[in-house]
Amino acid sequence: MINGGPDDCGIIIKDEIVLAHRRLSIIDLSCYSHQPFCDDRYILVFNGEIYNYKEVAKTLQNKGVNCAARSDTEVLLSSFRHWGATCVEYFEGMFAFVIYDSLERKLYLFRDRFGVKPLYYYYDSHCFLFASELKALMAYPKLQKKIDEVALSYFLELGYIPSPFSILKNAYKLEQGHYLQIDLENIKKQGLEKAIEKVQYYDVKSYYRINNCFNSVCFQEKLHRSVSLRMVSDVNVGVCLSGGVDSSLVCAVLKESGYDFETFSISFMESSFNEGNYAKKIANILGVKNHQFLCSLEEAQNIIPSLPWIYDEPFGDSSAIPTLLLAQNIKKTHKVALSADGGDELGLGYDRYFWAFHRYRKYQKYKNLSFLLKILN
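Overview of the structure. (Residues numbered from 1 in each chain as written. Predicted model: local features only at pLDDT ≥ 70, side-chain atom pairs only at ≥ 80, totals over all residues. Heavy atoms only, no water.)

1. Description of the overall build of the protein chain
Basically, it comes down to this: Secondary structure follows DSSP: runs of H or I at least 4 residues long count as helices, runs of E at least 2 residues long count as strands, and numbering of each begins at the N terminus. Per-residue accessibility, obtained with a 1.4 Å probe over protein chains only, is compared with the maximum for each type, and a residue is labelled buried under 20%, exposed over 50%, and partly exposed between these values. Pairs of residues are marked as contacts when any of their non-hydrogen atoms sit within 4.5 Å. Accessible areas in this description were obtained via Shrake-Rupley with a 1.4 Å probe; residue shielding takes into account the shown protein chains only. Charge counting treats Lys and Arg as positive and Asp and Glu as negative, with His and both chain ends excluded. To locate a charge, the coordinates of NZ of Lys, CZ of Arg, CG of Asp or CD of Glu are taken.
Assigned secondary structure in the protein chain consists of 15 helices and 15 strands. Dimensions of the protein chain along its principal axes, counting C-alpha atoms only, are 75 × 65 × 50 Å. With 377 residues in all, the protein chain has 42% of them scored as buried. Long-range pairs, those at least 24 residues apart, make up 59% of the contacts in the protein chain between residues at least 6 apart in sequence. Counting every atom, the protein chain has about 22300 Å² of accessible surface; 54% of that belongs to carbon and sulfur. Treating the 43 positive side-chain charges of the protein chain as one cloud and the 44 negative ones as another, the clouds have centres 4 Å apart.

Shown next, in the form of structure tokens:
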């Protein structure tokens, strides 16, 4: 896992639990946030970022908790120590983390609300394994390496394997907005499977059932806050720019907020795929530097053999090729890059939204006509 965590590594063995970590330093570049991060009771391994960690630290301090907020890692553990498993309700971020409570002998595995950060776990009658990549599980010498046929059928139908399935039999993806709790004492009494409890702490449907006042002003406020939080970093952050509504919105917000940043784009020789010209126009309008990389047929073919190593399991989206090429080029100068996802949906970036609106207005006329016909009959 060194490719994803080249800056530091650590391992702790406590009771029957082994916790290991590879670090990519983004917040707090010192050795203070070395992981596993622990105190006299808890041990933490954490992948991701808690964007609002300074706000959470202030909340803890107001409750009398000593939390210096030198890093999101420190705030995460302090939050769990104070609130327990409900600490995730205070976090805005992308994360997968595991905490071992050595006093109560319980292991907790958490995944963020939308499943941005992956978290796999595997168990059979002999062991329980977890990791942020399948390749880490595959390194275990006693692992039973068999393909899950149900997961394979999902891939053939959808082009990817949805949670909680994985291509590896007896291995699962922890679903978004969920956490696992494993009681080590119950393993001895009831067995491993009955000692594992899965809890859903967040459901996006429940959020949309809340009656919220939402308008263009509110949208802009939430958009600015969302983008600004993701720029919290102790290293330079690059920005991916495709020329579409989503990435253009992000760049416009960053420029309006006074951030200094560089943009990165992929262009294609085929005009039907190429958005490089749009990206260049947006960069020129905003007055930011734009680096463009050409994805040629030869480069695309050279990337394909490396995709199984990157994605760990079958993934049928061809966008993986230019995405990986872009990431490889950004890595030469930046540790972190901000991209956009979902902006075309929220920012009306597809023509079909306008088609639907016009059709709706047209059908409204027919609806009124049918009402009149009922009256006449």
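What follows picks up the thread again.
2. Let's talk about the sheet that holds strand E8 (residues 128–131)
Under the convention used in this document: Only strands joined by at least two bridges in the DSSP assignment are considered to pair. Axes here mean lines fitted to C-alpha atoms, for a helix over just the part in contact, with angles spanning 0 to 180 degrees between N-to-C directions.
Strand order in the open sheet formed by three strands is E8-E7-E9, with antiparallel pairing between adjacent strands. Strand pairing shows two members of the sheet lacking a second neighbour, E8 and strand E9 (171–173), which therefore form its edges. Here the strands of the sheet are splayed against their neighbours by 20 degrees on average, with no regard to which way each runs. Of the pairings in the sheet, the one linking strand E7 (residues 120–123) to E8 comprises four bridges and is antiparallel in character. Residue pairing across strands places Tyr121 opposite Phe130, the latter belonging to E8.

3. Re the side chain of Asp101
By the element assignment, Asp101 lies in strand E5 (residues 93–101). On the accessibility criterion, Asp101 (2% relative accessible area) is buried. Discounting chain neighbours no more than four positions away, the residues touching Asp101 are Arg41, Tyr42, Lys106 and Tyr108.

4. Points about the state of the cysteines
Rules: In this description, the term disulfide denotes a pair of cysteine sulfurs within 2.5 Å.
Applying the stated rule across the entire model yields zero disulfides. Cysteine Cys9 is unpaired, with the sulfur of Cys31 as its nearest cysteine sulfur at 13 Å.

5. Concerning a positive patch on the surface
In plain terms, the rule: Candidates for patches are residues over 30% relative accessible area with no salt bridge; among them, like charges are joined within 9 Å and nonpolar side chains (Val, Leu, Ile, Met, Phe, Trp, Tyr) within 5 Å. A pairing counts as a salt bridge when a side-chain nitrogen of Lys or Arg comes within 4 Å of a carboxyl oxygen of Asp or Glu.
A contiguous patch of positive charge, built from Arg359, Arg361, Lys362 and Lys365, is present on the exposed surface. Mapped onto the secondary structure, Lys365 falls in helix H15 (residues 351–376).

6. What to know about the environment of Leu348
Along the chain, Leu348 falls in the loop between helix H14 (343–346) and H15. Here the alpha-carbon distance between Leu348 and Glu193, two residues 155 residues apart in the chain, equals 46 Å. For Leu348, the residues in contact, after removing those within four places along its chain, are Gly343, Tyr353 and Phe354.

7. Here we look at the sheet that holds strand E15 (residues 336–338)
Spatial strand order, E14-E13-E12-E15: four strands in an open sheet with parallel pairing. Taken across any chain shown, the strands that pair with only one partner, and hence form the sheet edges, are strand E14 (289–295) and E15. The mean inter-strand angle of the sheet, taken between neighbouring strand axes irrespective of direction, is 35 degrees. For strand E12 (residues 237–240) and strand E13 (residues 262–268), the ladder comprises two bridges, and the chain directions are parallel.

8. Looking at a nonpolar patch on the surface
Together, Ile11, Ile13 and Val18 make up a nonpolar patch on the protein surface, roughly 320 Å² of accessible area in all. With respect to the helices and strands, the residue Val18 is situated in strand E2 (residues 17–23). A relative accessible area of 46% means that Val18 is categorised as partly exposed.

9. A word on the pattern of salt bridges
Under the definition given, this model contains 15 salt bridges. With a shortest N-O distance of 2.8 Å, Arg41 and Asp101 are connected by a salt bridge. Of this pair, Arg41 sits in the loop between strand E3 (37–38) and strand E4 (42–50) while Asp101 sits in strand E5; the two residues are 60 residues apart in sequence, bridging distant segments of the chain. By relative accessible area, which is 25% here, Arg41 ends up partly exposed.

10. Some points on the side chain of Lys106
Here Lys106 lies in strand E6 (residues 106–111). Residue classification places Lys106 among the buried residues on the basis of a relative accessible area of 18%. What Lys106 contacts, discounting residues up to four positions off in sequence, is Ile99, Tyr100, Asp101, Gln181, Ile182 and Asp183.

11. What to know about the packing of aromatic side chains
For any pair of aromatic rings, the description consists of the separation of the ring centres together with the inter-plane angle of the planes. We apply this condition: Each pair of aromatic rings taken from Phe, Tyr and Trp, with Trp reduced to its six-membered ring, is defined by centres within 6.5 Å and is described as stacked if the planes are under 30 degrees apart, edge-to-face if over 60, and tilted in the remaining cases.
Across all of its chains, the model carries 18 aromatic pairs by this definition. Relative to Tyr108, the ring of Phe80 lies with its centre 5.2 Å away and its plane at 65 degrees, an arrangement referred to as edge-to-face. Of this pair, Phe80 sits in helix H2 (residues 72–83) while Tyr108 is found in strand E6, placing the two residues 28 residues apart along the sequence. Residue classification places Phe80 among the buried residues on the basis of a relative accessible area of 3%. Residue Tyr108 is classed as buried on the basis of its relative accessible area, which comes to 8%. Seen in terms of ring centroids, Tyr121 and Tyr172 are 5.6 Å apart; in terms of plane orientation they differ by 35 degrees. Their pairing is tilted.

12. A short note on the pairing of E2
Taking every second residue as pointing to the same face, the buried face of E2 carries Ile17, Leu19, His21 and Arg23, while none of Val18, Ala20 and Arg22 on the other face is buried. Alignment of strand E1 (residues 8–14) against E2, held across seven bridges, turns out to be antiparallel. Considered in E2, the bridge of Ile13 is made with Val18.

13. Thoughts on the packing of helix H8 (residues 216–229) against helix H9 (residues 245–256)
The condition that has to hold: By definition in this entry, angles of less than 35 degrees are roughly parallel, angles greater than 145 are roughly antiparallel, angles of 65 to 115 are roughly perpendicular, and the rest are oblique. Just so you know the grouping, Ala, Val, Leu, Ile, Met, Phe, Trp, Tyr, Cys and Pro go in nonpolar, Asp, Glu, Lys and Arg go in charged, and all remaining residues, Gly too, go in polar.
One way to put it is that H8 packs onto H9 with a least axis distance of 10 Å and a crossing angle of 85 degrees. Accordingly, the angle class assigned to the pair H8 and H9 is roughly perpendicular. Contact residues: Leu223, His224 and Val227 in H8; Leu249, Val250, Val253, Leu254 and Glu256 in H9. Classifying every residue of the contact of H8 with H9 gives six nonpolar, one polar and one charged.

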